[in-house]
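The chain contents come next:
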Amino acid sequence: MYFSGGLIPVYMLITSLGLYNTRWVMVLPVLVITFNVMICRSAFEGIPNEIFESASIDGANELTMLYRLAVPIIKPTLAVLTLYYAVFHWNNFFSALLYLGKQDMQPLQMFLRRVLIMASPEVMQKMGGTMTSGALAVSTLQVRYVSIVVSILPIVTIYPFIQRYFVKGITLGAVKG
């Protein structure tokens, strides 16, 4: 959890599994994040055992207790973890940079990264920009601001639907010490 196997072994594993230049390379390596599993586990441990005992006396099997009791109780935690995964996958451009060589498969974050690099004042001047330095600085600043708005827009639209679960889910699934 605290350190990975390293960039080179992970790259070799991805290529040997045949995931290079596939869409699965963006999903499978980060499908389960250990910290999120620990949060979910502590949320399950926070459910009183009396609820499960009562359900088993009433004749519920393990799957019924899981889907009808445990999952609705930890729904705030699951909503927060869903938001964590969404933000992580939305912001993840490094995996695409390493594992996706085809530009048509790369996510929006890679396009925004290219736009920001091309809009930097150094690149603009090297390309023979004829604008004055003040106008060049203003135009590159505007490109950066537009890129920021485009990159945060989907998360900002999703967040209000999950916000009500946020504080409750974090405190419910927190590691108790």
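Owing to the predicted nature of the structure, the values given are computational and were not obtained by experimental measurement.

(A) Local environment of the nonpolar core. Within the largest apolar cluster, nine residues are counted, these being Ile14, Leu19, Val25, Met26, Ala96, Tyr99, Leu100, Met105 and Met110. Apart from the residues lying within four places of it in its own chain, the contact partners of Ala96 are Met26, Gln106, Pro107 and Met110. Residues Cys40, Ala43, Ile47 and Leu81 belong to the second largest nonpolar core, which totals seven residues.

(B) Summary view of the UniProt feature "transmembrane region" (unreviewed entry) in the protein chain. According to UniProt, the positions carrying the feature "transmembrane region" (unreviewed entry) are residues 65-87 and 143-162. Along residues 65-87, the helical share is 96% and the strand share 0%, with 30 Å between the first and last C-alpha atoms. Taken end to end, residues 143-162 is 100% helix and 0% strand, and its first and last C-alpha atoms sit 30 Å apart.

(C) Quick look at the pattern of salt bridges. Within the structure shown, the criterion is met by one salt bridge. Here Arg41 ties to Glu45 by a salt bridge, and the two come within 3.0 Å at their closest N and O atoms. You can see Arg41 and its partner Glu45 sitting in helix α2 (residues 34-45), four residues apart, about one turn around the helix. The exposure class of Arg41 is exposed, given its relative accessible area of 54%.

(D) Focus on the packing of aromatic side chains. Going through the model one piece at a time under the given rule, you end up with two aromatic pairs. Ring geometry for Tyr11 against Tyr20: centres 6.2 Å apart, planes inclined by 75°, an arrangement best described as edge-to-face. Note on Tyr20: relative accessible area 33%, which makes it partly exposed. Considering the side-chain rings of Tyr11 and Tyr99, the 6.0 Å spacing of their centres and the 20° angle between planes classify their relative orientation as stacked. Here Tyr11 is found in helix α1 (residues 7-16), whereas its partner Tyr99 is found in helix α6 (residues 94-99), with 88 residues between them in sequence. Overall, Tyr99 belongs to the buried group, its relative accessible area being 4%. Cluster of aromatic residues (ring-pair linked, three or more members): Tyr11, Tyr20 and Tyr99.

About the cut-offs
Residues numbered from 1 in each chain as written. Predicted model: local features only at pLDDT ≥ 70, side-chain atom pairs only at ≥ 80, totals over all residues. Heavy atoms only, no water. Core = buried A, V, L, I, M, F, W, Y, C linked by side-chain atoms within 4.5 Å. Buried < 20%, exposed > 50% of the residue type's maximum accessible area, 1.4 Å probe, protein only. Contact = heavy atoms within 4.5 Å. UniProt positions renumbered as here; feature names shortened; annotations may be inferred. Helix = DSSP H or I, 4+ residues; strand = E, 2+ residues; numbered from the N terminus. Salt bridge = Lys/Arg side-chain N within 4 Å of Asp/Glu carboxyl O. Phe/Tyr/Trp six-rings, centres within 6.5 Å; stacked < 30°, edge-to-face > 60°.

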